[in-house]
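Spelled out, the chains give:
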Amino acid sequence: MLGLGAAGVAVGGGVQDKLDTILASVTTRDPTGVTSLLPGGGGFRFYSVSNSIPHRGEADYRLTIGGLVDKPVTYRLSDLRALPQVRMVRDVQCVTGWRVPKTAFSGVRLSTLLDAAGVQDKGAALRFTCFDGVYSESLTLDQARRSDMLVALTMNDKPVTDAHGGPVRLYAAPMYFYKSAKWLSGITVTKDVEPGYWEHYGYDVDGWVGKSNGRHDDPTS
C-alpha cells in the first residue's frame, strides 16, 4: 500500500487512474482506516461509506431531478454534456485537514438545472442522493443557486473517475469536500433541509470552509 501511494504521487494519466481505483477499492475494505491516509492522485484521500466503489457508464447513468419542480427530468451523460459547461479552479479542503490546491472541476451550474426544472414556490432546499445507495447531502436553495455550485463531469480536465465519484458528482466549491457528493444520481427539491449522511454524525449542515465544524481553514473560493 505504501508503494502504491508513492507511485500515485509519481505518475499520471491512465496509470494514475488505475492506481487511484486500486487504492480506493482497498481503502473501502480496510477496517483500520490506515489506508485512507495514503495519497492518491494529486494528494486526494479516498472515502466511501458503502464499502464499495460503484460504477455507472454511458449506457446506464441517469441523473433525475424531481420533488417540488414543475418539470421533473432525467438526464443522460450526453444530455449533461450538451448543456453550457463552466470550469472552475479552486482549492479542495477536507474537513479532516488535508487540502489539494488548484483543482479544476467543470460541469453544469446547478442553477441551470434548477431553472430548467422550474422550482416551485414551496421549494427551499435540495436533497442529493447517490448511486452507491447510501450517501446523501443537502443545500439550501440559496446556496444551490450560487455560481460556484456545479454538477461536475470533469476533474482536472478529465472525466471524473469512479474513485473520485464519477461519472457525475456534486462540487460545492466554497464548502468542505463532504458536501460535494460523489456518484450523484438524484436531486430532489424539498420544502426543508434534510441533513445529509455526515450531518447525522455531527458534521455541520452548512459546511463553509473556515466557518464551520470548528475549523478555521483559509477559504477555497
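A quick note: this is a predicted structure, and the numbers were derived from the prediction, not measured.

## Things to note about the side chain of Q93
Working step 1: Residue position: Q93 is located in strand 3 (residues 86–93).
Working step 2: For Q93, a relative accessible area of 2% corresponds to the buried category.
Working step 3: One polar contact links the side chain of Q93 to the main-chain carbonyl oxygen of W98, over a distance of 3.3 Å.
Working step 4: In terms of polar contacts, Q93 uses its side chain to reach the side chain of R99, at 2.6 Å.
Working step 5: For Q93, the residues in contact, after removing those within four places along its chain, are W98, R99, M175, Y176, F177, V209, R215, D217 and T220.

## A closer look at the nonpolar core
Working step 1: L63, L110, L126 and I187 are the most contacted members of the largest nonpolar core, which totals 38 residues.
Working step 2: Going through the elements one at a time, strand 1 (63–67), helix 3 (77–82), helix 4 (110–117), strand 5 (125–130), helix 5 (141–144), strand 7 (149–155), strand 9 (169–172) and strand 10 (184–190) are the ones with two or more residues in this core.
Working step 3: In terms of residue count, helix 4 provides more of this core than any other element does, four residues in total.
Working step 4: With sequence-adjacent residues up to four places away left out, L63 is seen in contact with V73, T74, Y75, L80, L113, V151, L184, S185, G186 and I187.
Working step 5: V92, A152, V160 and F177 belong to the second-largest nonpolar core, a separate cluster that totals 15 residues.

## Quick look at helix 4
Residues spaced three or four apart along an α-helix face the same direction, because each turn holds 3.6 residues.
Working step 1: Of all the positions in helix 4, only L110, S111, L113, L114 and A117 are classed as buried. Along helix 4, the residues classed as buried sweep out an arc of 160° about the axis, all on the same side.
Working step 2: G118 sits one or two residues past helix 4 and shows a positive phi near 75°.

## Some words on the environment of R215
Working step 1: With respect to the helices and strands, R215 occurs in the segment after strand 10.
Working step 2: Considering only alpha carbons, one finds R215 and V95, 120 residues apart in sequence, at a separation of 7.8 Å.
Working step 3: If we ignore the near neighbours within four places in the chain, the residues touching R215 are Q93, V95, T96, G97, Y176 and G210.
Working step 4: Within the local environment of R215, its side chain forms a polar contact with the backbone oxygen of V95, the two atoms lying 3.5 Å apart.
Working step 5: Side-chain polar atoms of R215 contact the side chain of D217, separated by 2.7 Å.

## Here's the deal with the sheet that holds strand 1
Working step 1: Taking strand neighbours across the sheet as the criterion, the five strands line up as 2-1-10-5-6 in an open arrangement whose pairing is mixed. The open sheet has two edge strands with one neighbour each: strand 2 (73–75) and strand 6 (136–140). Each strand of the sheet is rotated relative to its neighbour by a mean of 20°, with strand direction disregarded.
Working step 2: The pairing of strand 5 with strand 6 spans five bridges and is antiparallel. Each bridged residue has a counterpart across the sheet, and for A125 the counterpart in strand 6 is T140.

Criteria and thresholds
- Here, residues in each chain are numbered from 1, in the same order as that chain's written sequence.
- It should be noted that, the model being predicted, local features are given only for residues of pLDDT at least 70 and side-chain atom pairs only at 80 or more, the latter also being counted only at that level, while totals for whole chains, interfaces and linings use all residues.
- As a rule here, side-chain values come from all non-hydrogen atoms in the structure, and water together with hydrogens is ignored.
- For helices the rule is a DSSP run of H or I covering at least 4 residues; for strands it is a run of E covering at least 2, with both sets numbered from the N terminus onward.
- Only protein chains enter the area calculation, which uses a 1.4 Å probe; residues under 20% of their type maximum are buried, those over 50% are exposed, and those in between are partly exposed.
- Polar contact is defined as a pair of N or O atoms within 3.5 Å, subject to the rule that within protein one atom must be able to donate a hydrogen and the other to accept it, and that residues adjacent in sequence are counted only when both atoms are side-chain atoms.
- For this analysis, residues touch if any pair of their heavy atoms sits within 4.5 Å.
- Take the buried residues of types Ala, Val, Leu, Ile, Met, Phe, Trp, Tyr and Cys, join any two whose side-chain atoms come within 4.5 Å, and each joined set is a nonpolar core.
- Here the arc refers to the set of directions running from the helix axis out to each C-beta atom.
- By this definition, two strands are paired if DSSP reports at least two bridges between them.
- Between N-to-C directions, angles span 0 to 180 degrees; the directions come from axes that are lines fitted to C-alpha atoms, helices contributing only their stretch in contact.

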